[in-house]
Amino acid sequence: MKDIRNELSTLSFEDLQKLKEKVGAKVYKEVVFGKQSISHEARVFKRDNKNRPREMSSKKPVRMLRDVVSVKKQEPRDPRFDPLCGTFDKKEFAENYNFLSNARVNDMKMIKNELKQTTDPEKELSLRRLLQRLNDQQKATKRKKLESERKDKQRLEVEAEFKQGKQPHFKNKSEARVESLVKQYEELKKKGAGRIQRHLKRRQQKVKKRSFRTPVTTN
């Protein structure tokens, strides 16, 4: 190999170029420069100081997103559809929050006392509206409670008829509505004829408002 290199050193540049084209660039480099051992070991990037940032290879692609701090992903939970929270019991919910009805009654008493003392017409109007809203909420709560008691009573009656071997009569919506209106009328009758008249007047006003809201179709 040494003799070949000495012989090649005497050739001109043109002859060397022709020889390179003839034998190939790879063989020519091995003859002239010798075989070079290529190290396949991964390069270790070390830091002169441990407090410095670590040097990274430029050949290694960088990820688009980096997890700088691992944060536990929080999954949203809706208790209405989560089986771990149990099933919703409307009756139990009403019993647990029954204290709100008592608190509403106390608020209504405080507003009535404040109405007797106030002389400001704007404040009086605001208090009356608030009192009317609380009164409507209280009536709605009482009506729901009575409706729930009526359904429980009806269910017990049906179960009792089943046990006796009878065919129970299931009331449809129209029958239940008529029965509810009759009971409501009887309760108003106990309180006086004036209450019935006021109730009928309010119902007429509601029906009149609904008729105004009904959209009119035109050809």
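Just so it is clear, the structure is predicted and the values come from calculations on it, not from any experiment.

Enquirer: Quick one: what's the story with the overall build of the protein, residue by residue and with numbers?
Expert: Secondary structure assignment for the protein yields 8 helices and 0 strands. Put simply, the protein runs from its N terminus to its C terminus through helices and strands in the order α-α-α-α-α-α-α-α. Looking at the protein as a whole, 10% of its 219 residues qualify as buried. Sequence-distant contacts in the protein: of pairs separated by 6 or more residues, those separated by 24 or more amount to 35%. A total of about 21,700 Å² of accessible surface is found on the protein, and carbon and sulfur atoms cover 53% of it.

Enquirer: Talk me through the side chain of Arg150; I want residue IDs and the actual numbers.
Expert: Within the secondary structure, Arg150 sits in helix H6 (residues 121-163). Residue contacts for Arg150: discarding those within four places in its chain leaves Ala176 and Lys183.

Enquirer: I'd like to hear about the nonpolar core, residue by residue, with values.
Expert: In terms of nonpolar packing, the biggest core is built from 6 residues, these being Met108, Ile111, Leu115, Leu127, Leu131 and Leu134. Taken together, the elements giving at least two residues each to this core come down to helix H5 (99-117) and H6. In contact with Leu115, not counting residues within four places along its chain, are Glu124, Leu127, Arg128 and Leu131.

Enquirer: How would you explain the pattern of salt bridges if you had to name every residue and give the values?
Expert: Throughout the structure, instances matching the rule amount to 6 salt bridges. A salt bridge links Lys123 to Glu114, with the shortest nitrogen-to-oxygen separation between them at 3.2 Å. For Glu114, a relative accessible area of 32% corresponds to the partly exposed category.

Enquirer: Tell me about the packing of H5 against H6, and name the residues and values.
Expert: Interhelical geometry of H5 versus H6 gives an angle of 155° and a closest axis separation of 10 Å. In terms of orientation, H5 lies roughly antiparallel with respect to H6. Crossing angle aside, the handedness with which H5 passes H6 is left-handed. Along the contact surface, H5 presents Ser101, Arg104, Val105, Asp107, Met108, Ile111, Lys112, Glu114 and Leu115, while H6 presents Lys123, Glu124, Leu127, Arg128, Leu130, Leu131, Leu134, Asn135, Gln137, Gln138 and Thr141. Each residue belonging to the contact of H5 with H6 can be placed in one class, and the counts come to 8 nonpolar, 5 polar and 7 charged.

Enquirer: Just give me the short version of the packing of aromatic side chains, but keep the residues and values in it.
Expert: The full count for this structure, using the stated rule, is 2 aromatic pairs. Ring centres 4.7 Å apart and planes at 40° place the aromatic pair Phe93 and Tyr97 in the tilted group. Given a relative accessible area of 42%, Phe93 falls into the partly exposed group. Judged by relative accessible area, Tyr97 falls into the partly exposed class, the value being 42%.

Enquirer: Mind laying out a nonpolar patch on the surface, listing which residues take part and the relevant values?
Expert: Residues Phe88, Phe93, Tyr97, Phe99 and Leu100 make up a contiguous nonpolar surface patch of about 560 Å² in total accessible area. Among the secondary structure elements, Phe88 is positioned in the loop between helix H3 (25-33) and helix H4 (90-96). A residue is classified by how much of its surface remains accessible, and Phe88, at 62% relative accessible area, is exposed.

Enquirer: Before we move on, could you go through the confidence of the model for the protein and cite the residues and values that matter?
Expert: Detailed reading of the predicted model is not advised wherever pLDDT is low. The predicted model of the protein has a mean per-residue pLDDT of 78, with 87% of residues at 70 or higher. For the protein, helix H1 (residues 2-9) is the element with the lowest average pLDDT, namely 71, and H5 is the one with the highest, namely 90.

The rules we used
Residues numbered from 1 in each chain as written. Predicted model: local features only at pLDDT ≥ 70, side-chain atom pairs only at ≥ 80, totals over all residues. Heavy atoms only, no water. Helix = DSSP H or I, 4+ residues; strand = E, 2+ residues; numbered from the N terminus. Buried < 20%, exposed > 50% of the residue type's maximum accessible area, 1.4 Å probe, protein only. Contact = heavy atoms within 4.5 Å. Areas by Shrake-Rupley, 256 points an atom, 1.4 Å probe, with all protein chains shown as cover. Core = buried A, V, L, I, M, F, W, Y, C linked by side-chain atoms within 4.5 Å. Salt bridge = Lys/Arg side-chain N within 4 Å of Asp/Glu carboxyl O. Axes fitted to C-alpha atoms, helices over the stretch in contact; angles between N-to-C directions. Parallel < 35°, antiparallel > 145°, perpendicular 65-115°, else oblique. Left-handed = near helix turned anticlockwise from the far one by under 90°. Nonpolar A, V, L, I, M, F, W, Y, C, P; charged D, E, K, R; others polar. Phe/Tyr/Trp six-rings, centres within 6.5 Å; stacked < 30°, edge-to-face > 60°. Patch = residues over 30% accessible without salt bridge, like charges linked within 9 Å, V, L, I, M, F, W, Y side chains within 5 Å. pLDDT = per-residue confidence, 0-100.

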